[in-house]
Amino acid sequence: MQLPDAEVLCADLVRRLRPEVTPETGMVGIHTGGEWLAQRLHRELGLAVPLGALDISFYRDDYRKSGLHKSVRASRIPFDVNARHLLLVDDVLFTGRTVRAAMNELFDYGRPESIRLAALVDRGERQLPICAQYVGTTLAVPKGKMLRLDRDASGRLTLRLDDA
Amino acid sequence: MRNPQLNDNGELQHLLTLEGLPREIIVRILDTASSFLGVTEREVKKVPLLRGVSVFNLFFENSTRTRTTFEIAAKRLSADVINLNISTSSTTKGETLLDTVDNLSAMHADMFVVRHAQSGAAHMMARHVASHLHVINAGDGRHAHPTQGLLDAYTIRHYKKDFTNLTVAIVGDILHSRVARSLIHVLNILGTPEVRVIAPQTLLPAGVEALGVKVFHDMRKGLAGADVIVMLRLQNERMRGPLLPSAQEFFKYYGLTQEKLALAKPDAIVMHPGPMNRGVEIDSSVADGAQSVILPQVTFGIAVRMAVMSMLGGQ
């Protein structure tokens, strides 16, 4: 199937986010694809607060079923989340379980004023009452397929469809 | 023979010894531990992984540091922790180890952390318990203390980055030391080219060279050029009969002083599993000196135990 150009979607997200952020906005990317996207958004929007990154492995709801993820990275939130407006960034929004885990983890750092969600692609089929405020595009992906973001050596972002 | 610590998928089911453990599993434990370190700096110093899991600390031998750090690790993973002080309980009334375990299993235990004076106690438990239960060896006799070996490896990796160019010197009571055995195994698995043991003949197990170490009786020669010095506690409580003239004499020949430390590399680190006997195996000025990483070892120990428990609890 024809996948949209991630660079075009990213540029569009930047345009739409620009009026919505302030110098005090705290941006947090979800490892790994969401973190790559967040790095781009953070730079292009010129945000003053350093970028945060979450690896949600310690908060996944399938831990008892599937065990701890093989390679866990440390989460890093280099700012005080208390009373701050946060912008959570992920590459693909799907069941909503990753976002729930990310929100649970964020609240262990403090009590944010608000959390909004930006995603490059919304592939629907939510299993939880979660929605994104900023979406690059919506796309129906066949069941059993995994839509992922890739980043090449030059930093260029592309979408890729894998067997799950 | 299948490694009794691994399940059919080759994943960790119990942690009994580091001997024979695949390198990938050890590296994964160390990597996971480093992700847990940051958890303690947050407002909520907990993650929800082991919510609803019951961890039983079974300490048939006294220990403050190990039991406490296991307890903290389990609590930071949101587990329920039950500490059993066995010296004041049923075993003194005649109950066997396996009967104790069966009774605790009937109380819906999920994980056992066990310390026992008998080598092999944790193995025996692991063979006995139902397949959904996990056993962590927190020290069995002279045999093994795998989480200590792992936290030692974590500490060395933290300060020295790479094992493949290191000289590590382990000094003191090797004979009674499960810490030394576990450390030697993990250093070998991680590719440390030179592991030295420094001790009088009476405090070395027979055939220690077979573990892949170089033996030194002269501490000055053994420390020359070392990157890492691990001092061991003199385990008087395990000594049967006189193995040493006196603690003062031991300190003279095998105690770590500033003057002897100067023989190692200038950036050498000094480790000790605790509890320390100041003035017996280590001089206070070294224990509290700039090259000592003895207190960071304790902090890393919590993260390493969190890593082990979280890898077991998800199987």
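Residues numbered from 1 in each chain as written. Chains lettered and ligands numbered in written order. Predicted model: local features only at pLDDT ≥ 70, side-chain atom pairs only at ≥ 80, totals over all residues.

**Structural notes on the overall build of chain B**
The cut-off we apply is this: Strands here mean DSSP runs of E at least two residues long; helices mean DSSP runs of H or I at least four residues long; both are numbered from the N terminus. Each radius of gyration is computed over the set of C-alpha atoms, and the globule rule expresses the reference value as 2.2 Å times the number of residues to the power 0.38. Counting other C-beta atoms within 10 Å of a residue's own tells you its class, since 20 or more makes it buried, 12 or fewer makes it exposed, and anything in between is partly exposed; those C-beta atoms are placed from the backbone. Throughout, a residue-residue contact means that the two C-beta atoms, derived from backbone geometry, are no farther apart than 7 Å.
Looking only at helices and strands, chain B features 11 helices and nine strands. In terms of overall size, chain B behaves like a compact globule, its C-alpha atoms giving a radius of gyration of 19 Å where 315 residues would be expected to give roughly 20 Å. Burial statistics for chain B: of 315 residues in total, 47% are counted as buried. Relative to all contacts within chain B whose residues are 6 or more apart in sequence, the contacts with residues 24 or more apart total 77%.

**Overview of the overall build of chain A**
Of regular secondary structure, chain A possesses four helices and seven strands. Reading the secondary structure of chain A in the N-to-C direction produces α-β-α-β-α-β-α-β-β-β-β. Its C-alpha radius of gyration of 15 Å places chain A within 12% of the 15 Å reference for a compact globule of 164 residues. Every one of the 164 residues in chain A was classed for burial, and the buried ones make up 37%. Contacts in chain A between residues far apart in sequence, at least 24 positions, make up 68% of those at least 6 positions apart.

**Concerning the nonpolar core**
As a rule of thumb, nonpolar side chains are buried together in soluble globular proteins. Residue and element names in this part refer to chain B. Threshold: The nonpolar core is taken to be a set of buried Ala, Val, Leu, Ile, Met, Phe, Trp, Tyr and Cys residues joined by way of C-beta atoms within 7 Å.
Core analysis: the biggest nonpolar cluster contains 140 residues, and F112, V171 and I229 have the highest contact counts within it. The leading source of residues in this core is helix 11 (residues 294–313), at 10 residues. In this structure, F112 is in contact with F56, L58, V101, M125, L133, V135 and I136, ignoring residues within four places of it in sequence.

**Overview of the packing of helix 3 (residues 97–106) of chain B against helix 4 (residues 121–128) of chain B**
All names here are of chain B. Defined as follows: Every angle, taken between N-to-C directions, lies between 0 and 180 degrees, and every axis is a line fitted to C-alpha atoms, over only the stretch in contact when it is a helix. Should an angle fall under 35 degrees it is taken as roughly parallel, and over 145 as roughly antiparallel, whereas 65 to 115 is taken as roughly perpendicular and any remaining angle as oblique. Helix crossings are classified by the rotation of the near helix relative to the far one: an anticlockwise turn of less than a right angle makes the crossing left-handed, while a clockwise turn makes it right-handed. Throughout this entry, Asp, Glu, Lys and Arg are counted as charged residues, while Ala, Val, Leu, Ile, Met, Phe, Trp, Tyr, Cys and Pro are counted as nonpolar. The remaining residues, Gly among them, count as polar.
Two elements in contact, helix 3 and helix 4, have axes separated by 10 Å at closest approach and are oriented at 50°. By the angle class used here, helix 3 and helix 4 are oblique. Considering only the axes of helix 3 and helix 4, their crossing is right-handed. In contact with L97, L98 and V101 of helix 3, helix 4 contributes A121, M124, M125 and H128. In terms of residue class, the contact of helix 3 with helix 4 is built from six nonpolar, one polar and no charged.

**What to know about helix 1 (residues 6–17) of chain A**
Residue and element names in this part refer to chain A. Under the convention used in this document: Helix span is expected to be 1.5 Å times the residue number reduced by one. This arc describes the spread of directions from the helix axis toward the C-beta atoms.
Spanning 12 residues, helix 1 covers 16 Å between terminal C-alpha atoms, matching the ideal 16 Å at 1.5 Å per step. When we look at burial in helix 1, the residues that qualify are A6, L9, L13 and L17. An end-on view of helix 1 places all buried positions within 65° of arc, on one side of the element. Exposed and oriented more than 90 degrees from the buried face of helix 1 are E7, V8 and R15. Where helix 1 is buried, its residues touch helix 2 (33–45), strand 4 (114–122), strand 5 (134–138), strand 6 (145–151) and strand 7 (157–163).

**Focus: the packing of helix 1 of chain A against helix 2 of chain A**
Residues and elements named next belong to chain A. Axis separation between helix 1 and helix 2 bottoms out at 10 Å; the angle between their running directions is 50°. Our classification of the angle between helix 1 and helix 2 gives oblique. Crossing handedness for the pair helix 1 and helix 2: right-handed. Taking contact as the criterion, the partners of C10, L13, V14 and L17 in helix 1 are, on helix 2, L37, R40, L41, E44 and L45. Counted by class, the contact of helix 1 with helix 2 contains seven nonpolar, no polar and two charged residues.

**Observations regarding the sheet that holds strand 5 of chain A**
All names here are of chain A. Heads up, the condition is: Strands were regarded as paired on the criterion that DSSP finds at least two bridges between them.
The strand order across the open sheet built from five strands is 2-1-3-4-5, with neighbouring strands paired in parallel fashion. The open sheet terminates on both sides in strands that have one partner only, identified here as strand 2 (52–54) and strand 5. Within this sheet the neighbouring strands show an average axis-to-axis angle of 25°, counted without direction. Bridge count for strand 1 (residues 26–30) against strand 2 is three bridges, and the pairing is parallel.

**Observations regarding the sheet that holds strand 5 (residues 167–171) of chain B**
All names here are of chain B. Taking strand neighbours across the sheet as the criterion, the five strands line up as 7-6-5-8-9 in an open arrangement whose pairing is parallel. If you trace the sheet from one side to the other, it starts and ends with strand 7 (214–216) and strand 9 (269–271), each paired once. Ignoring which end each strand starts from, the neighbouring axes of this sheet average 20° apart. Here strand 5 runs beside strand 6 (residues 194–198); their pairing, made up of five bridges, is parallel.

**Quick word on unusual backbone geometry**
Residue T32(A) is bonded to the preceding H31(A) through a cis peptide linkage, with omega at 0°. When you line up the elements, T32(A) lands in the loop between strand 1 and helix 2. A cis amide bond, omega -10°, links G274(B) with the succeeding residue P275(B). Within the element layout of this structure, P275(B) appears in the loop between strand 9 and helix 10 (284–287).

**What about the interface of chain A and chain B?**
Taken together, the contact pairs 17 residues of chain A with 16 residues of chain B. A per-class count over the side of chain A that touches chain B returns seven nonpolar, four polar and six charged.

**Brief notes about the pairing of strand 3 (residues 85–93) of chain A**
Residues and elements named next belong to chain A. Which entries qualify depends on this criterion: By convention a crossover is right-handed if, when the strands point away from the viewer, the path from the first strand over the helix to the second runs clockwise.
With eight of its nine residues buried, strand 3 lies for the most part within the structure. Bridge count between strand 1 and strand 3: four bridges; the pairing is parallel. Bridge assignment links G29 to a residue of strand 3, and that residue is V89. The sheet contact formed by strand 3 and strand 4 spans eight bridges and is parallel. Bridging across to strand 4, L88 finds its partner in L117. Handedness of the crossover joining strand 3 and strand 4 through helix 4 (residues 97–107) is recorded here as right-handed.

**Things to note about helix 2 (residues 65–76) of chain B**
Residues and elements named next belong to chain B. Over its 12 residues, helix 2 extends 16 Å from the first C-alpha to the last, a length consistent with the 16 Å expected when each residue adds 1.5 Å. Turning to helix 2, its buried residues are T66, R67, T69, F70, A73, A74 and R76. Of the residues flanking the end of helix 2, it is S78, one or two places downstream, whose phi is positive at about 75°.

**As for the environment of N9(B)**
Residue and element names in this part refer to chain B. Along the chain, the position of N9 falls in the segment before helix 1 (23–37). For N9, a count of 8 C-beta atoms within 10 Å puts it in the exposed group. Considering only alpha carbons, one finds N9 and Q315, 306 residues apart in sequence, at a separation of 9.8 Å.

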